[in-house]
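# Structure assessment
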Amino acid sequence: MTPYDHKTIEKKWQAAWEAKQLYHTKSDSLKPKAYVLDMFPYPSGDGLHVGHPKGYIATDIYSRMKTMQGYNVLHPMGWDAFGLPAEQYAIKNKVHPRVAVDKNVARYKEQLSVIGFNYDWTRELNTTDPAFYKWTQWIFLKMFEKGLAYESYEPINWCPTCQTGLANEDLDGCNCERCDTLVVKKPMRQWVLRITDYADRLLADIDALNWPVSIKESQKNWIGRSEGAEIDFVVEGSEKKITVFTTRPDTLFGATYVVLAPESKILEDLKQQILNGNEVSLYCESAGKQSEIERTTVGREKTGVRLDGVMAINPANNEKLPVFVADYVLGHYGTGAVMAVPAHDERDFEFARKFGLRNRKVVFPNPLVSVPRNAKDIAMGVVGELRVVTECFMGSGEMVNSDRFTGFFNEDAKKPITDFVKGRWVTKYRLKDWVFSRQRYWGEPIPLIHCEKCGVVPVPEKDLPVILPNVESYAPTGTGESPLADISEWVNTTCPKCSGKGKRETNTMPQWAGSSWYYLRYIDPKNTEMLVDKKQEAYWSPVDMYVGGAEHATRHLIYARFYHKFLYDIGVVNYEEPFKRLQNVGLIMAEDGRKMSKRWGNVVNPDDIVATYGADTLRLYEMFMGPFGQSVVWSTESIIGPRRFIERVWRLADNVKEGEGDAKLEAVLHKTIKKVGDDIESFGFNTAISALMILVNEMEKATQVSRVHYETLLRLLAPFAPHVAEELWSHVGNVESIHLESWPVFDATKTVTSQVVIAIQVNGKVRDTMTVPVETGEVSASTMAQERPTVAKWIFGKKIKRVIFVPQKLLNIVVEE
RNA sequence: GCCGGAGUGGCGGAAUGGUAGACGCGCACGACUCAAAAUCGUGUCUCGUAAGGGGUGGAGGUUCAAGUCCUCUCUCCGGCACCA
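The rules behind these values
- Residues numbered from 1 in each chain as written.
- Chains lettered and ligands numbered in written order.
- Predicted model: local features only at pLDDT ≥ 70, side-chain atom pairs only at ≥ 80, totals over all residues.
- Heavy atoms only, no water.
- Buried < 20%, exposed > 50% of the residue type's maximum accessible area, 1.4 Å probe, protein only.
- Helix = DSSP H or I, 4+ residues; strand = E, 2+ residues; numbered from the N terminus.
- Pairing = 2+ DSSP bridges.
- Salt bridge = Lys/Arg side-chain N within 4 Å of Asp/Glu carboxyl O.
- Axes fitted to C-alpha atoms, helices over the stretch in contact; angles between N-to-C directions.

### Side note on the pairing of strand E32 (residues 755–762)
Counting buried positions over the eight residues of E32 gives six, a clear majority of the element. Taken together, E32 and the strand that follows it, strand E33 (residues 765–773), pair antiparallel across an intervening segment of two residues, in which Asn763 is found at a positive phi of about 50 degrees. Where E32 meets strand E35 (residues 810–815), four bridges bridge the pair, whose relative direction is parallel. Bridge pairing links Gln761 to Asn812 in E35.

### Notes on the environment of Asp678
Here Asp678 lies in helix H22 (residues 663–681). Sequence separation between Asp678 and Ala688 is 10 residues, and the spatial gap between their C-alpha atoms is 8.3 Å.

### Description of the pattern of salt bridges
For the coordinates displayed, the defined rule picks out 49 salt bridges. Close ionic contact of Glu87 with Arg440 constitutes a salt bridge, the shortest N to O distance being 2.5 Å. Of the two residues, Glu87 sits in helix H3 (residues 84–93) while Arg440 sits in the loop between strand E21 (434–435) and strand E22 (448–451), which places them 353 residues apart along the sequence. The pair formed by Glu87 and Arg440 is uniform in burial state, with each residue classed as buried. As a salt-bridge pair, Glu647 and Arg643 come within 2.6 Å of each other at their nearest N and O atoms. Taken together, the residues span about one helical turn, with Glu647 and Arg643 both in helix H21 (residues 640–652) at a distance of four residues. For Glu647, a relative accessible area of 24% corresponds to the partly exposed category.

### Structural notes on the sheet that holds strand E24 (residues 492–494)
The strand order across the open sheet built from four strands is E23-E22-E25-E24, with neighbouring strands paired in antiparallel fashion. Of all strands in the sheet, those bounded by a partner on one side alone are strand E23 (455–458) and E24. The mean angle between the axes of side-by-side strands here comes to 40 degrees, regardless of whether they run parallel or antiparallel. Relative to strand E25 (residues 501–504), E24 is paired through three bridges, and the arrangement is antiparallel. When the sheet's bridge partners are listed, Thr493 is paired in E25 with Gly502.

### Overview of unusual backbone geometry
In most cases, non-glycine residues show a negative phi, while peptide bonds are predominantly trans. The omega torsion across Leu464 and Pro465 is 0 degrees, close enough to zero to call that bond cis. For the bond from Ser541 to Pro542, the omega torsion is -10 degrees, close enough to zero to count as cis. Considering the arrangement of structural elements, one finds Pro542 in the loop between helix H17 (534–540) and strand E26 (545–549). At Asn318, a residue that is not glycine, the phi angle is positive and equals roughly 60 degrees. With a relative accessible area of 59%, Asn318 lands in the exposed category. One non-glycine residue, Asn763, lies in positive phi territory at about 50 degrees. Tracing the chain through its elements places Asn763 in the loop between E32 and E33.

Any link to function would need more than the numbers given here.
Here is the structure:
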């Protein structure tokens, strides 16, 4: 046989598959469906590095196997092309973002095509295509209609470098996730989506998803549910009340003072009563200047100011409590006010110490009421006694000093105490509403019109899409308006309601908008009447297998779930969750251990690897490197292994003969069928390939390989190395494509061999092995084993206590020591 | 601090409670060759000539049998974090 020449083979078959339209998905199939999806890429100017295709290779293998197993497979690809990078690239290179995107898409497609993917390119999507973003805008209109989109003037995160407002999800700590600049709080007009309305459902439905635990946990933490009580503290001498949120209503009898956040609205209401108003507003002003990162540093020195003249009444015991404003209480969480219990909260304890509250009569520490009693106290017999508290106690225990609740276990007292003081049991979330407007050019225009008379009016559906107009300069203005604001002929329009003068909304949508629903459009990409045909949606949804990076855990994957639930509510989709199963792809790091980046000059281009070793080798190598979800270091040295493996399979073709296959080889073959199928299903590609290698090693040992066995090997290999499998498939005389073949069927009876090797242990230590007939039972195995000198010497003169026998595996003789 | 995940040869890693280190890389030796590459063969956790002993971050425990289960602990990675 001729030597293996990947270049000719790969080119030849890629052209043949294209000509035969091998991978065009049919929507009218009676077969069961498998929707296999990659997170679509952002086509940047740098092109692909070897890390990018890793996930695509996995879905390619998975979907190819599914096709062979008789599924109707949808495996599409598209481009998430709105957003800052294209805009920045365009500004830098002085080309229109449209031009830059088209060029980058072409380059990406070229790079992907040489790897031999089975994408159905007839369904290709691009989020910047008006036919696509028409529906991105349509969803926004529906949300607006349902009151889920609202205009707000609250201070938001502003990135001074990107010159745009950002959502919480766009931050990495307190820095812009894109450019790492420290964000500032800036009050400005913005559009916000009420994702918090969905917080409970987003949280509740996580458990049922077949997703990695780590992603589910991240989302749970991000949504951040906590249950607690809202309790009203009436302000002495007025009808006003301060509502606090606490997860520890059981400590209410230990409340020592009340704290308000500097940005809390109650402060305004209390203005007249505050005797030291100047001091208070000075404090609030300086607190406002602090960055979020300064505000929220754990262990930072507590600061605050007492509101002179204001006392709050503890509804549990009518005790009068002083009120403070302090920046350790955050305005945007809970009610912006807390009751402070120094005995049972470290922060309150610290504050109390700092402010010398210990010297006050009812407060600290002389003597401080201690509510839940800890186990040590109970052991020491300290019962119901007022104690001096020198540190706070965060645990659970029996309650003391709590009037009628004394003697309760504190956890059991939470709800009764809340009821007793007429509080409300509520659930709070950490998740915040989604700041949805960007002051940038390269995004979907928000389809709204501001009319002097009618206010905010949605663009009628028939007028969608609102096309993103061309501008002279797409650089950000930095004023809080997008560059669109400068195009008066676009901005000025008529109000759809009153036909009077109207101005278009000039903010654009964030990059996440298109990616929040794109997976639905692949189902029915050409539909001009509706987002997706309902029957088609019912057939294809949900996505059965979704593959992408873990960095999307609390960004894209939350947004998409939110969108999907909304679309479910308005009847567009039939299923409440978009992605049934999710697999994370682990990063491929450069050989220097850093991320691959132009900046470090450590990028490995897949084109080069394909040219030198071939696409099939690249595919096998990336899957063989390690567990799929784990990050791995690229090693050009190790890539030779998979290449050698392919060459072995290649050379094996010379040894293929017609006729019955060897029974021993057949046993290995069927074990391999089982292993490879199971492993692809569970994304254990590294062990699947290892099983194929073991099979090939066995086939090499045999004097000849039957054609049936060899063809089975090729079918198992086909999803991993589609080109070489196809070439060898045709070499052994097949006319149709191997990729239209069925997946080998596992037959358990074929894995049974006549002889098995079993381990012999004495007291749990392996002393010998022996080959016995497969049907050997305990008694004969035990007898045979004891006759062997290597075993006999360990049991000689000792009494056998028992014998453990695991058929076909192991015999353990337990003797007296 | 809270919530997850993970610690196994020189390296990547494998092991339904049942022979730890599969498979691959690297390395060593051998075959082929004038030679090299490629290929093939043998070996490769550790101490020991061997018999045998030790060994999956550490310490205990359960079990005939533990990398795997339980308790404590250390380290690393990810998410959240003055969130009341």
